[in-house]
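Understanding the architecture of this molecule
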Amino acid sequence: GLCRLSSSDATPGREARLFQALGGICTWALAAVCRVVGIDRFSAAILWEFASCYALWALALAKGVLIFATCPPQGTGLEPDGGKSDGAVFVALPLEDTERLQRLVVGAVCGLPTVSVAFLAEVDGEIEESEDNSLVERHMWLTRHRTMLAGGMVETGIAGVLIGASGAEA
């Protein structure tokens, strides 16, 4: 769904509605996380943990938030005056909340490749501390983590969305 669907691929009608719905799900999910942990505490580590340390899920959530429009696209049947035929309803966060969440998500995605996120499993006790954990093994762990993120970026197509969102803030 969201991974393969980009805003340029969305056509009026069913695909645009799916695109908007998936973006809304991601936005509301991460907005709920921010409410629970505190919006000022939302970080790459929180995103990573919420995504169960799964790169594709973390990046798909982030892409959904970054592409989420504050109003429904035209021709989808979700407009306030034309969406009553099938019972569809468009519920958006207030514009300020959406923009703030998008800024937080950009920062969190940029923090995903960091050492602190890569070794969260170690902090949580999932990696046993032993003398066998050499510097080379740690480097391999970090490389695997970053490789998974790179693969997730390709699979989700988030790179262009992330660059666009970062450029809009500058």
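Going by the structure above, here's the rest.
Presented here is an overview of the structure given in this document. Just so it is clear, the model here is predicted, and its values are computed rather than measured.

The rules behind each value
Residues numbered from 1 in each chain as written. Predicted model: local features only at pLDDT ≥ 70, side-chain atom pairs only at ≥ 80, totals over all residues. Heavy atoms only, no water. Salt bridge = Lys/Arg side-chain N within 4 Å of Asp/Glu carboxyl O. Helix = DSSP H or I, 4+ residues; strand = E, 2+ residues; numbered from the N terminus. Buried < 20%, exposed > 50% of the residue type's maximum accessible area, 1.4 Å probe, protein only. Phe/Tyr/Trp six-rings, centres within 6.5 Å; stacked < 30°, edge-to-face > 60°. Lys NZ or Arg CZ within 6 Å of the ring centre and 35° of its normal. Core = buried A, V, L, I, M, F, W, Y, C linked by side-chain atoms within 4.5 Å. Axes fitted to C-alpha atoms, helices over the stretch in contact; angles between N-to-C directions. Parallel < 35°, antiparallel > 145°, perpendicular 65-115°, else oblique. Left-handed = near helix turned anticlockwise from the far one by under 90°. Contact = heavy atoms within 4.5 Å. Nonpolar A, V, L, I, M, F, W, Y, C, P; charged D, E, K, R; others polar. Expected span 1.5 Å × (residues − 1).

1. Brief notes about the pattern of salt bridges
Opposite charge on two side chains permits them to pair, given that their charged atoms come into close proximity. For the structure on display, the rule yields 2 salt bridges. R35 serves as the salt-bridge partner of D97, at 3.8 Å between the closest nitrogen and oxygen. In this pair, D97 sits in helix α4 (residues 95-111) while R35 sits in helix α1 (residues 14-37), placing the two residues 62 residues apart along the sequence. Overall, the relative accessible area of 32% leaves D97 in the partly exposed class. Classification of R35 as exposed rests on a relative accessible area of 65%. Residue D40 pairs with R100 through a salt bridge whose shortest N-O separation is 2.8 Å. Of this pair, D40 sits in the loop between α1 and α2 (44-50) while R100 is found in helix α4, placing the two residues 60 residues apart along the sequence.

2. Quick word on the packing of aromatic side chains
Overall, the coordinates contain 0 aromatic pairs when judged by the stated rule. A cation over a ring is seen here: R138 above F119, with NZ or CZ 5.9 Å from the ring centre.

3. A word on the nonpolar core
Of all hydrophobic cores here, the largest spans 30 residues; its most connected members are L30, F42, L47, W48, V105 and L112. Of all the secondary-structure elements, those providing two or more residues to this core are α1, α2, α3 (55-67), α4 and α8 (158-169). In terms of residue count, α3 provides more of this core than any other element does, 7 residues in total.

4. Description of unusual backbone geometry
A positive phi angle is found at S52, which is not glycine, with a value near 55°. Residue placement: S52 occurs in the loop between α2 and α3. Although it is not a glycine, C53 adopts a positive phi angle of roughly 60°.

5. Points about the packing of α3 against helix α7 (residues 135-156)
Contact geometry for α3 and α7: axes closest at 8 Å, N-to-C directions at 45°. Between α3 and α7, the angle is such that the two are oblique. In terms of crossing hand, the pair formed by α3 and α7 is right-handed. Together, A55, L56, L59, A60 and K63 of α3 and M148, L149, G152, M153, E155 and T156 of α7 make up the contact between the two elements. Residue classes in the contact of α3 with α7 are distributed as 7 nonpolar, 2 polar and 2 charged.

6. Some thoughts on α3
With 13 residues, α3 ought to run about 18 Å at 1.5 Å a step, and its terminal C-alpha atoms sit 18 Å apart, in line with that. Counting buried positions along α3 gives 11 out of 13 residues, so the element sits mostly inside the fold. Three or more residues of α3 are buried, namely A55, A58, L59, A60, L61, A62, K63, G64, V65, L66 and I67.

7. Quick word on the packing of α1 against α3
It is the contact of α1 with α3, at a shortest axis distance of 7 Å, that shows an interaxial angle of 110°. In terms of orientation, α1 lies roughly perpendicular with respect to α3. Facing α1, whose interface residues are F19, G23, C26, T27, A29 and L30, α3 presents A60, L61, G64, V65 and I67. Classifying every residue of the contact of α1 with α3 gives 8 nonpolar, 3 polar and no charged.

Purely geometric stuff here, so don't read any function into it on its own.
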